[in-house]
Amino acid sequence: VLPLMRMTNGVISILQERCILYYKENDCKPAPAIELSFKRCTKYRTSFLLYYNRGDSMNDKDIRKILINYLLAERQDIRIYQEKTIGSSICDVMAVSSHLTGYEIKSDSDDYSRLDRQVSAYDDFFDKNYLVISQKHRKSAENKVPRHWGIINIEQDSVEILRRAADNPNVS
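In this text, all values refer to a predicted model and were calculated from it rather than measured experimentally. (Residues numbered from 1 in each chain as written. Predicted model: local features only at pLDDT ≥ 70, side-chain atom pairs only at ≥ 80, totals over all residues. Heavy atoms only, no water.)

## Some thoughts on the side chain of E104
Right, on to step 1. For E104, the position within the fold is in strand β6 (residues 100-106).
Right, on to step 2. Given a relative accessible area of 2%, E104 falls into the buried group.
Right, on to step 3. In terms of polar contacts, E104 uses its side chain to reach the side chain of Y122, at 2.7 Å. (Helix = DSSP H or I, 4+ residues; strand = E, 2+ residues; numbered from the N terminus. Buried < 20%, exposed > 50% of the residue type's maximum accessible area, 1.4 Å probe, protein only. Polar contact = N/O pair within 3.5 Å; in protein donor to acceptor, adjacent residues only side chain to side chain.)

## Re the confidence of the model for the protein chain
Segments scoring low in pLDDT should not have their predicted coordinates read at a detailed level.
Right, on to step 1. Per-chain confidence: the protein chain averages 77 in pLDDT, with 67% of residues scoring 70 or above.
Right, on to step 2. The low-confidence segment residues 1-15, where pLDDT is below 50, has 35 contacts with residues more than four positions distant or belonging to other chains.
Right, on to step 3. Note on residues 29-55: pLDDT is under 50 here. Beyond four places in sequence and across chains, it has 75 contacts. (pLDDT = per-residue confidence, 0-100. Contact = heavy atoms within 4.5 Å.)

## Topic: helix α2 (residues 60-74)
Right, on to step 1. Under the 1.5 Å per step criterion, the end-to-end length of α2 is 21 Å for 15 residues, consistent within 8% with the ideal 21 Å.
Right, on to step 2. Those residues of α2 lying buried are I63, R64, I66, L67, I68, N69, Y70, L71 and A73.
Right, on to step 3. Here α2 starts with a cap whose side-chain oxygen sits 3.0 Å from the backbone nitrogen of K61, and that cap is N59. (Expected span 1.5 Å × (residues − 1).)

## Brief notes about the pairing of β6
Right, on to step 1. Burial analysis of β6 places six of its seven residues in the buried class, which makes it a mostly covered element.
Right, on to step 2. Here strand β5 (residues 89-96) runs beside β6; their pairing, made up of four bridges, is antiparallel. Each residue of the ladder has a partner; that of V96, found in β6, is L100.
Right, on to step 3. The loop that links β5 with its antiparallel partner β6 comprises three residues. (Pairing = 2+ DSSP bridges.)

## Here we look at the pattern of salt bridges
Right, on to step 1. By the definition in use, this model includes eight salt bridges.
Right, on to step 2. Note that E83 is salt-bridged to R64, the shortest N-O span being 2.8 Å. In this pair, E83 sits in strand β4 (residues 79-86) while R64 sits in helix α2, placing the two residues 19 residues apart along the sequence.
Right, on to step 3. Classification of E83 by relative accessible area gives partly exposed; the value is 42%.
Right, on to step 4. We classify R64 as buried; its relative accessible area is 9%.
Right, on to step 5. The residue D167 makes a salt bridge to K128 at a minimum N-O spacing of 3.9 Å. Residue D167 is located in the segment after β9 (158-163), and its partner K128 is located in strand β7 (residues 128-133); the two are separated by 39 residues in the primary sequence. (Salt bridge = Lys/Arg side-chain N within 4 Å of Asp/Glu carboxyl O.)

## Regarding the sheet that holds β7
Right, on to step 1. Spatially, β4-β5-β6-β7-β8-β9 is the arrangement adopted by the six strands of the open sheet, whose pairing is mixed. A strand with exactly one partner marks an edge of an open sheet, and here the two such strands are β4 and β9. Adjacent strand axes in the sheet meet at a mean angle of 30° when their direction is disregarded.
Right, on to step 2. Two strands pair when backbone bridges link them, and β7 and strand β8 (residues 150-155) are joined in this way by four bridges, in the parallel orientation. Note on β8: the bridge partner recorded for V132 is I152.
Right, on to step 3. The strands touched by helix α3 (residues 115-125) are β4, β5, β6 and β7; relative to β6, the strand with the most contacts, the crossing angle is about 170°. (Axes fitted to C-alpha atoms, helices over the stretch in contact; angles between N-to-C directions.)

## Considering the nonpolar core
Right, on to step 1. Ranked by internal contacts, the top residues of the largest apolar core, which has 17 residues, are L67, L71, V93, Y103, V132, I152 and I154.
Right, on to step 2. If one sorts the elements of this core by residue count, α2 sits on top with six residues.
Right, on to step 3. With sequence-adjacent residues up to four places away left out, Y103 is seen in contact with L67, L71, C91, D92, V93, A95, Y122, Y130, V132 and I152. (Core = buried A, V, L, I, M, F, W, Y, C linked by side-chain atoms within 4.5 Å.)

Here's what the structure looks like:
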């Protein structure tokens, strides 16, 4: 699986042309398990590129890469930090811009056993919070976090905001 990258339209065109040329020159086709997907961010007229292996379930690392690239494509004035201690928990992804936003990731292999403690720690620290989930948690996530928390569903080929985060009433 290749890394994710943020790209402009010109680079995407060049990359697409090079891939086509490579396959023609080498008389081959891409491996069926590996696919390429481009997602548009119209706000900044940029795209981010997702390489993924469709056969695998979504783990923390996969979700994190897609989330970070999505955030960077959406906002130009953002700083991203990972695995930062906040109280008694560790924040998976922290975004710093005009406000602090925390992102707690629940992958296919995660359960909700620590979520109450994590929600409390995040609510003491961040202006806004999101629960970032894989498809496995889509039906149950809404009942697991407070109403002011947002929910983002990340699949191998999409990023969907199920609920936007509201301002955290616990932070002044």
